[in-house]
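Next come the chains, spelled out residue by residue.
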Amino acid sequence: MIRDGYVAIWKGSEYEASPTAGDEVRLYTTQPAEGFAETRPGRYRRSVPSAEIERLRYVRTVCRWRGERFVVVGEHETWLRVEYTGGRGPVAEHLGLDRVDHGVWQTWAPRTEVEELHEEFI
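Read on for an overview of the structure. (Residues numbered from 1 in each chain as written. Predicted model: local features only at pLDDT ≥ 70, side-chain atom pairs only at ≥ 80, totals over all residues. Heavy atoms only, no water.)

Remarks on the overall build of the chain
Point 1. Counting its regular elements, the chain contains 1 helix and 11 strands.
Point 2. Taking 2.2 N^0.38 as the reference for a compact globule, 122 residues should give roughly 14 Å; the C-alpha atoms of the chain span a radius of gyration of 18 Å, well beyond that estimate.
Point 3. With the C-alpha coordinates aligned to their principal axes, the bounding extent of the chain is approximately 50 × 30 × 25 Å.
Point 4. By sequence separation, contacts in the chain at least 24 residues apart represent 49% of the contacts at least 6 residues apart.
Point 5. Carbon and sulfur atoms make up 45% of the accessible area of the chain, which totals about 7,700 Å².
Point 6. Between the centroid of the 17 positive side chains of the chain and the centroid of its 21 negative side chains there is a distance of 1 Å. (Helix = DSSP H or I, 4+ residues; strand = E, 2+ residues; numbered from the N terminus. Rg over C-alpha atoms; globule rule 2.2 N^0.38 Å. Contact = heavy atoms within 4.5 Å. Areas by Shrake-Rupley, 256 points an atom, 1.4 Å probe, with all protein chains shown as cover. Lys, Arg positive; Asp, Glu negative; His and termini not counted. Charge placed at Lys NZ, Arg CZ, Asp CG, Glu CD.)

Here we look at the pairing of strand β6 (residues 55-65)
Look at any regular strand and the pattern is simple: side chains alternate between the two faces of the sheet.
Point 1. Of the strand pairs in this sheet, strand β1 (residues 4-10) and β6 are connected by 6 bridges, and their pairing is antiparallel. Within the sheet, the bridge partner assigned to Asp4 lies in β6 and is Arg60.
Point 2. Judged from the 5 bridges that link them, β6 and strand β7 (residues 68-76) form a sheet pairing that is antiparallel. In the sheet register, Val62 faces β7, and the bridge partner there is Val71.
Point 3. Counting the residues that bridge the hairpin from β6 to β7 gives 2 residues, and of these Arg66 lies at a positive phi of roughly 55 degrees. (Pairing = 2+ DSSP bridges.)

Notes on the packing of aromatic side chains
Point 1. Applying the stated rule across the entire model yields 6 aromatic pairs.
Point 2. An angle of 65 degrees between the planes, with centres 6.5 Å apart, marks the rings of Trp10 and Phe36 as edge-to-face. Linking Trp10 in strand β1 with Phe36 in the loop between β3 (24-29) and β4 (37-40), this pair joins segments that are 26 residues apart in sequence.
Point 3. With a relative accessible area of 5%, Trp10 lands in the buried category.
Point 4. For Phe36, a relative accessible area of 10% corresponds to the buried category.
Point 5. Measuring from centroid to centroid gives 5.7 Å for Phe70 and Tyr84, while their planes differ by 55 degrees, and the two rings are tilted. Placement of the pair is Phe70 in strand β7 and Tyr84 in strand β8 (residues 79-84), with a sequence separation of 14 residues. When sorted by exposure, Phe70 lands in the same class as Tyr84, which is buried.
Point 6. Among the aromatic residues, those joined into a ring-pair cluster are Trp10, Tyr15 and Phe36. (Phe/Tyr/Trp six-rings, centres within 6.5 Å; stacked < 30°, edge-to-face > 60°. Buried < 20%, exposed > 50% of the residue type's maximum accessible area, 1.4 Å probe, protein only.)

Structure (structure tokens):
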């Protein structure tokens, strides 16, 4: 599973999370749970005071492809959408990456070519 976003530990369990501008954190789950309201089929949300959160961190999935470091921003079947983090335009061009914005380079990489796929917490 490719993750890119906040995760929170609340009452000993990990949830996908979204901090609010106020003093709350929204927690999300795919299963019905006490106090969680269904926002759409298979998606449930609950807001809790941030003081109740045991830990809040940002997680993202990273990898190496063709020797360079990338963040994984999506997946489809056997492909990963990867975004180059090296910041060097000539390298991105040499790799044949798509420029999606100023300084932002992405491509679809076969999962079989991706190395060192893992999560990082920041």
